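# Notes for the structure review
If you want the building blocks of each chain, they are given just below.
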Amino acid sequence: MSIIWTIIIGFVAGLIAKWIMPGRNEPSGFIMTTILGIVGALIATYLGQALGWYRADEGAGFIGAIVGAIVVLFIYGLIAGRRSSSTY
């Protein structure tokens, strides 16, 4: 059941991150939004554990997942923007 909750929280975190930080180079679609949120939650968990905010068996909270998703969205926008501008 934990993986299902991770996917649900990841999807919602990805939606909120896309709403907070809209852009031309943002990913679209259900799958990409879910992946964005899940990767954001994993990054937030890793950084939180490295900084001592979370214990080793503890994951990032919902806010942490959103912040992580915003970071992933920003990086994705930089990479996609660079790739699309180099083709012209």
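On a predicted model such as this, the values are computed, not experimentally measured, just so you know. (Residues numbered from 1 in each chain as written. Predicted model: local features only at pLDDT ≥ 70, side-chain atom pairs only at ≥ 80, totals over all residues. Heavy atoms only, no water.)

## What about the overall build of the protein chain?
Counting its secondary structure elements, the protein chain contains 3 helices and 0 strands. Beginning at the N terminus, the succession of helices and strands in the protein chain can be written as α-α-α. Scored against the burial criterion, the 88 residues of the protein chain give a buried share of 27%. Here the protein chain displays about 6000 Å² of accessible surface, and carbon together with sulfur accounts for 72% of that area. (Helix = DSSP H or I, 4+ residues; strand = E, 2+ residues; numbered from the N terminus. Buried < 20%, exposed > 50% of the residue type's maximum accessible area, 1.4 Å probe, protein only. Areas by Shrake-Rupley, 256 points an atom, 1.4 Å probe, with all protein chains shown as cover.)

## Examining helix H2 (residues 30-51)
Its 22 residues place the ends of H2 31 Å apart at the C-alpha level, agreeing with the 32 Å of an ideal helix rising 1.5 Å per residue. Burial in H2 covers these residues: Thr33, Thr34, Leu36, Gly37, Gly40, Ala41, Ala44, Thr45 and Gly48. Considered in projection along H2, the buried side chains sweep an arc of 165 degrees and stay on one side of the axis. Residues of H2 that are exposed and point more than 90 degrees away from the buried face comprise Ile31, Leu42, Tyr46 and Ala50. Gly52, located one to two residues past H2, shows a positive phi value of around 85 degrees. (Expected span 1.5 Å × (residues − 1). Arc of directions from axis to C-beta.)

## Thoughts on the nonpolar core
Ala17, Leu36, Ala69, Val72 and Leu73 form the largest nonpolar core, which has 5 residues in total. Among the elements that make up this core, the one with the highest residue count is helix H3 (residues 62-86) (3 residues). (Core = buried A, V, L, I, M, F, W, Y, C linked by side-chain atoms within 4.5 Å.)

## What to know about the environment of Pro22
With respect to the helices and strands, the residue Pro22 is situated in the loop between helix H1 (2-20) and H2. Taking relative accessible area as the criterion, Pro22 reaches 61% and is therefore assigned exposed. Taking C-alpha positions, Pro22 is 9.8 Å from Phe74, a pair spaced 52 residues apart along the chain.

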